[in-house]
Amino acid sequence: MAIGWTGFISSLLVSAFVSLAAPAHAITILRDPDIENALKQLSLPLIRAAGLSQDQITLLVVRDSSLNAFVFDSAHVFIHSGLILKMKSARELQAVVAHELAHIANGHIPRRLSNLRSAGGATRIGFLMALAIGAATGNAEAAAGVAAGSASSAQRVFFGHTRAEEASADQAALRYLSQAGVDPNAMATLLQRFLGQEALSAAHQDPYVRTHPPTRERIRAVNGYVAAYGGVNTAPTQANRWFARAQAKLGAFIHAPSDTLRAVAGDDNSDLAVMRRAIAYHRLPDRSKALAEVRTLAERSSDDPYIQELRGQLLLEAGETEAAVRAYARAASLKPDNALILAGHGRALLALDTRDSLAQALKLLERAYSRDGQDPRLMRDLAIAYARNGQKGMASVATAERFALVGELGSAAIHATRALELLPKGSPGWNRAQDVLSAARSAG
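Presented here is a report on the structure given in the accompanying data block. Only a predicted model underlies this, so the values are computations on that prediction, with no experimental measurement involved.

### Remarks on the packing of aromatic side chains
No. 1: Per the stated rule, a full pass over the model turns up 1 aromatic pair.
No. 2: With a centroid separation of 4.9 Å and 10 degrees between ring planes, the pair formed by F70 and F78 is classed as stacked. Judged on exposure class, the residue F70 and its partner F78 are both buried.
No. 3: Residue placement shows R241 over the ring face of W242; its charged tip is 4.6 Å from the ring centre.

### With respect to the packing of helix α12 (residues 237-254) against helix α14 (residues 271-283)
To describe two helices that pack against each other, one gives the angle between their axes and the distance between the axes.
No. 1: Close contact between α12 and α14 brings their axes to 8 Å; oriented N to C, the two are set at 15 degrees. Relative to α14, the element α12 is oriented roughly parallel. α14 is crossed by α12, and the crossing has right-handed handedness. Contact residues: A244, R245, A248, K249, A252, F253 and I254 in α12; L272, M275, R276, I279 and R283 in α14.
No. 2: The residue makeup of the contact of α12 with α14, split by class, is 8 nonpolar, no polar and 4 charged.

### Side note on helix α21 (residues 392-405)
No. 1: Helix length check: α21, at 14 residues, gives a terminal C-alpha distance of 20 Å against a target of 20 Å (1.5 Å per residue), a fit within 8%.
No. 2: Across the 14 residues that make up α21, a large majority, 13, are buried.
No. 3: Trailing α21 by a residue or two, G407 shows a phi angle of about 80 degrees, which is positive.

Conventions used here
Residue positions within a chain follow its written sequence, with the count starting from 1. Selection of residues for local features in this predicted model requires a pLDDT of at least 70, selection of side-chain atom pairs for listing and counting requires 80 or more, and totals for whole chains, interfaces and linings are taken over all residues. The side-chain quantities take in all heavy atoms of the structure and omit both hydrogens and water. To pair, rings of Phe, Tyr and Trp, with the six-membered ring standing in for Trp, must have centres within 6.5 Å; the planes then decide the type, stacked if under 30 degrees apart, edge-to-face if over 60, and tilted in the middle. Only protein chains enter the calculation, and the probe is 1.4 Å; a residue is then buried if its accessible area is under 20% of its type maximum, exposed if over 50%, and partly exposed in between. As a reminder, the over-ring test applies to NZ of lysine and CZ of arginine, requiring each to be within 6 Å of the ring centre and within 35 degrees of the ring normal. In this description, a line fitted to the C-alpha atoms serves as the axis of each element, helices being fitted only across the stretch in contact, and the angle between N-to-C directions of two axes falls anywhere from 0 to 180 degrees. Secondary structure elements are taken from DSSP: a helix is a run of H or I of four residues or more, a strand is a run of E of two residues or more, and numbering for both begins at the N terminus. The scheme is simple: roughly parallel for angles under 35 degrees, roughly antiparallel for over 145, roughly perpendicular for 65 to 115, oblique for anything else. Here is the rule for handedness: rotate from the far helix to the near one, and if that takes an anticlockwise turn smaller than a right angle the crossing is left-handed, while a clockwise turn gives right-handed. By definition, residues are in contact when any of their heavy atoms lie within 4.5 Å. Nonpolar residues are Ala, Val, Leu, Ile, Met, Phe, Trp, Tyr, Cys and Pro. Charged residues are Asp, Glu, Lys and Arg, and all others, Gly as well, are polar. In this analysis, the expected span of each helix is defined as 1.5 Å times one less than the number of residues it contains.

Shown next, in the form of structure tokens:
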């Protein structure tokens, strides 16, 4: 799991957690190839039922203990970690995803952009900055982070939906669930869980209640739709497996290690139990126990790229650099197109810090960037790789883009200006630096 807490906590904790900072607030996107794959597998039948392309939709986890999910554009579904951890079944999580996909499929997102007209003053500037970052970098998460920093009332305007949109999204979501063989009753169960929160003050409500109001009328309508579509016995076994894996790994990285170790019986040698213990021991830290557990897991699952990636992470953060390179290489051979795995492999090669490893690292990090240029940690590593390979201009470009991704446009402009001085005019790197500088000036 590549969890990096950019700017807040030591990267030794986790390897894919990336903080996307905003001027007044920050959201933290938790990037992990295993969890993202599990969420994608859970969602694939729903994406197909919605008539969307599986390559179009990315599901990302926001580190937040509250129960919420939202869409910012037509390509990303954001799910709070608290919601994933508190769901009781795969089908409940699928009901949330189906509802958010319906907003995309039904064309609700472009309408929401028109809500900028109703946001005033500094709030409007926050939204414009979000759009500027998104336009310059193609990064929806960074844009969402800036938008999330705006006033709470404007957040509800921007992220909220009309009753008509909610009704149409509910009906479409129930159709997707039914077509995917998932019991549509899961949505009714989910809404009932939120119903009691309507009596609470806004400060104590989960965000889902404020942006997806579960009125009694809405629940009655959902029950009517469910009756029309009929029930399905249970979610497919595969969905339950992916749900358990995502929930177990996410919980092991978020909950206190002592809590994880108490929750896992010492004689439980299932794959998920071993994985949870490995992560918990790693975070204590008790590196010898962590590496012993993850070695057991990797030997059992030699063809699982995500287990090999986890082993690479734990080895790298334990200072076992050469072994980490081998583990990441195995993961990358099994999943050669996964940007997060490629980035981890490149990071390990950077740590090895030999002439050959630095050249290899740069190639891998550039491949990762071509597949996913939305990860600030990747941009940091790419800047280091460029610098160590003597490409100072490109190092400045990568640094400028990293600062843009986390909303620090002043710093982004400084490094973009430096890149423009070092690179040939009109070259790809020069053009990227120019884009960042233009966005920074527009937002400023």
